[in-house]
Structures are given as C-alpha cells and as structure tokens.
Amino acid sequence: MHEELVRLAQRGDAEAFDSLARMVGDRCLGIAVRILRDLHLAEDAVQAALITAWTELRTLRDPSRFEPWLHRILTNACYAEARRRTRWSEGMRILPAAGTYGPDDYLTVDDRDLLERAFRRLTLEQRAVLVFHHYLGLSISEVAVRTDLPVGTAKSRLHHATRALKASIEADARSTADSQERLA
Amino acid sequence: MTTPRDPDRLIHAFLLEGAEQLQDQVYDAVRADIDKKRQRVVIGPWRVPTVSKLMPIGLGAAAVIAVLFLGSQFIGSPTSNVGGPASQPPASAAPSEAPVSAAPSAISAPPLTQNFTSTVHGISLSYPEGWIARAATEPWTESSYALIFDPPTPYIDYLSDPILRDHLFLYTASQAIGDSTPEAWVAEQMAGDEGCATTEPIVVDGATGLIGGGDCHMAVVTTAGRGYLIALLTSDDDPNVVAPYDRAWFEEVLATVRLHPEDAVD
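Not measured: the values here are computed from a predicted model.

### Points about the pairing of strand 6 (residues 199-204) of chain B
Residue and element names in this part refer to chain B.
Thought 1: Of the pairings in the sheet, the one linking strand 6 to strand 7 (residues 207-212) comprises 6 bridges and is antiparallel in character. Residue pairing in the sheet places Val204 in a bridge with Ala207 of strand 7.
Thought 2: Between the end of strand 6 and the start of strand 7, which pair antiparallel, lie 2 residues, with Asp205 showing a positive phi angle near 50°.

Right, here's the structure in full:
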C-alpha cells in the first residue's frame, strides 16, 4: 500500500502523494512538535518537509524506505525552521507545544515544567536524537539514519542529551529535598 | 518523604506527550503547492545492484588482453623502437600512416542492427544488436517524467544493454504538446533535465528541436503537434565500457529515427 503509493507518486501522481502525506503526516507532526516545542513551527516544518519530499521523491531508491527518508528531510526542515524563526524574531517567547496531549500520570506538572526547561536548553540536534529514540522507539542505528549521523555520533549525542536532562532532574530533586529538610 | 523517581521513565514519558494530529489545512497547503511544483527529474540511473557480478572480472580480463595486445605491438614487432625516443615513429612507417598512439579500442559499440517500433509513442529507431527492448505500455500524459528503470516507467520505451542495464540505455517517449508551442514544449523538457545546461538546434526525421550539449545526450523535437524525447543514458561509473557510446554514436542512432505521430496513442 505504502510502497505502491510511493511508486505512483514518483511517477508524478499528486493524488497518491496526498494520500501518502495523510498516512504519515500525524507522525511527522509528532516528531516536529517534540523537537521544536512549538506547534506552529512544527506545522511549518512538516509542510516544508512534505513539499521537499515531493520534489525529491524520484531520488528515493527504495520505496519501502520512504518514511525514514522523509524523517531525515523533516529533521533538516525542523533545524531550518528553528533557525529561520530565530533570525526573524529573536527573543520571541516560544510557547509550550500545545495540542493533543496524552498525559502520563507519572509526570507531575512540576516534572513537565522542569523537563520542558531542561529540554529547551538542549541543541536541536540533541533533541532530534532523543525524540527519535524515545518517541518512535528507534534503535541507535535507525536514529542515525534519520538524523544523517554516523552511528557513533548519534550514540554519543543521545548519551549527552540524556545526561543533561537527568542532571536537571537530579538537581531539582536535591533542591526539593533541601527545602523539605529546612521545613522539617 | 518523596519516593525517588526514575529519570529515564520521566524523560520517556515527557517525550511521549505532545500534539499528534496534523491539521487539514497543512495537507491542503502541501497539495496546492505540489500541484504547482515539478518533481526533480532523475537523469542518472540509481546504483541498484543489477550489474552482473561477472562484469568486473570481464572488464579486468578485457583490460589485460588490451595491455597484452599493445605490449606485443611494441615488444614483438621487428620495427619496434624500445629504448629509443618515445615519440619517434618506426623507421618503416610511411609518412601517411596513423600515429602509434591510435591504438584500437578494446571495446566497441555493437552495430545498430535491431529495429524498434513503439506502438504507444509513434517512433521507430535502430538500436544495437543484443540490446533488450522494453516498450511503453501507457501514453505519457504528465508534464515531466520519472525515469525509473526497474520496474520500468510504463510510459517510457527502454532499449538497454543486456549486462549494463540501467547503466547504459536509450529511452524514448512522446506526447501531444496540447496548447504549448513547439518551442515552449521543447524548452520545458530541456529545462526539466538538469544535465542539459547547454543546447543546440537539431533536426530529427524532419522534426525540429534541441539537443543537449556536452555529455547530455538528449534530443527533444516536435512535429505535427507531438513532442518527442529521445535520449541516451550512460553511467559514468565505468568510462571504458561506455566510451563508445558518445555523442557521435547517439547521432548515429538519431539518424535512424523515424517519427510517426499519426500512429501514437494518447
């Protein structure tokens, strides 16, 4: 189904590409919104990625690899979108990613706030690696494909990004414990 | 006292949360945009592993034979000038004889003995002996074209070398030019091909159009309200093998082309 649509789209069938886009669009938004932490930027990045995918589709050799190929384009579109917006509106306050949340009871409001701040301190490249690994549940080698990195680099980037987030969580936990001790 | 929380689980849970539904207006915007945008035409064949594994061995053997042949010309010949100045011709050579450097080519193109007629596109042409013809099964209705070798684009005629396959082939297609002028249609096809940076006028079987300059072996012509595209694709990964298939050879093929726009299917 997927592959047949890719083949049709490679032959210029815009209808087939539209169907294909609708099959993969939600997941693309999920990735982009988690990397960029802004729904509107994410929508723009997905739109740009899909248009690039259409124009470059004939360079895709293996139709079964459409989605990883698209995700690589999307990752670059996210980087470009973030940089473009930064240039145009430096200092603009970026709002938390709004939309359909699937809340996890394990996370408190404070956890979300803490992780949101810590996550925003990461580079876009670190965020992308974390998102592909945790959100899509991909192995390091698949993450490397989508971020166009050597496997070793993807691995170390994931390690550093995770360590940075954990450091924030641990620092917050220490500070909470100190406060509780002082109150006691 | 607060229970210690698992940071890995916190990070994972945090990254699972977020928007996951792309708005319809984004799809609509993409659709509106792609309807106006042409897809980039792929002019080089993809490096799919379709070339026979015996090919490198065959080429190696051909190279060895060529070296031995050339070596025998120098070592075995009683008129050889081994040890003498490299540029000095043999004493027995007549003034009108070709220079020593004009060694025979180890690989030459097969003769154009086969004839192909496309029932869809209304074109016939000669092609090399032993090559494989795969005729188009559908009319070409899009403004651009996708050159996919395997499975073949159904609206393109492919004439390919049996071993090199997608590394060496001729292809043709045609379509009614509709409301376009012949010049506009030809220009559009040439613009869609990134390899044809320069062009020059050409006449193929009485039809006028353009041929790509340099290494771009593509001719685009129109006649009787129909546009024709005829091209030779050679992969640059083995220059020794594709060397005979140059511009001169392509023009030999073009000289055999006969256009029958009245027989084409739309």
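### Details of the packing of helix 5 (residues 109-121) of chain A against helix 1 (residues 7-16) of chain B
Relative placement of two packed helices is described by the angle separating their axes and the distance separating the axes.
Thought 1: Where helix 5 of chain A meets helix 1 of chain B, the axes come as close as 11 Å, and the angle between the chain directions of the two elements is 85°. By the angle class used here, helix 5 of chain A and helix 1 of chain B are roughly perpendicular. Only Leu10, Ile11, Phe14 and Leu15 of chain B of helix 1 of chain B make contact with helix 5 of chain A, whose side of the interface consists of Asp111, Arg112, Leu115, Glu116 and Phe119 of chain A.
Thought 2: Here the residues of the contact of helix 5 of chain A with helix 1 of chain B sort into 6 nonpolar, no polar and 3 charged.

### Some words on the sheet that holds strand 1 (residues 114-118) of chain B
Remark on secondary structure: sheet strands pair via backbone hydrogen bonds, oriented parallel or antiparallel.
Residues and elements named next belong to chain B.
Thought 1: Here we have 3 strands laid out as an open sheet, ordered 1-2-10, and antiparallel in their pairing. A single partner strand is all that each edge strand has here, and the edge strands are strand 1 and strand 10 (258-259).
Thought 2: For strand 1 and strand 2 (residues 123-127), the ladder comprises 5 bridges, and the chain directions are antiparallel. The residue of strand 2 that forms the bridge with Asn115 is Ser126.

### A few points about the interface of chain A and chain B
Thought 1: Every contact between the two is made by 57 residues of chain A and, on the other side, 48 residues of chain B.
Thought 2: Between chain A and chain B the total buried area reaches about 4900 Å² when both faces are included, carbon and sulfur atoms providing 58% of it.
Thought 3: Looking at the side of chain A facing chain B, the largest losses of area belong to Arg11, Arg58 and Tyr106 of chain A, adding up to 20% of the total buried there.
Thought 4: Where chain A meets chain B, there are 6 salt bridges.
Thought 5: The partner of Arg22 of chain A in a salt bridge is Asp24 of chain B, and the shortest N-O contact between them spans 3.4 Å.
Thought 6: Seen at the junction of chain A and chain B, the total is 14 residue pairs in polar contact (both at pLDDT 80 or more).
Thought 7: Contributing elements (two or more residues each) for the side of chain A that touches chain B: helix 1 (2-10), helix 2 (14-36), helix 3 (39-56), helix 5, helix 6 (124-134) and helix 8 (151-183) of chain A.
Thought 8: For the side of chain A that touches chain B, the element with the highest residue contribution is helix 2 of chain A, accounting for 12 residues.
Thought 9: Its residues assigned to classes, the side of chain A that touches chain B shows 25 nonpolar, 14 polar and 18 charged.

Reading the values: the criteria
- Residues numbered from 1 in each chain as written.
- Chains lettered and ligands numbered in written order.
- Predicted model: local features only at pLDDT ≥ 70, side-chain atom pairs only at ≥ 80, totals over all residues.
- Heavy atoms only, no water.
- Pairing = 2+ DSSP bridges.
- Helix = DSSP H or I, 4+ residues; strand = E, 2+ residues; numbered from the N terminus.
- Axes fitted to C-alpha atoms, helices over the stretch in contact; angles between N-to-C directions.
- Parallel < 35°, antiparallel > 145°, perpendicular 65-115°, else oblique.
- Contact = heavy atoms within 4.5 Å.
- Nonpolar A, V, L, I, M, F, W, Y, C, P; charged D, E, K, R; others polar.
- Buried area = accessible area lost by both parts, 1.4 Å probe.
- Salt bridge = Lys/Arg side-chain N within 4 Å of Asp/Glu carboxyl O.
- Polar contact = N/O pair within 3.5 Å; in protein donor to acceptor, adjacent residues only side chain to side chain.

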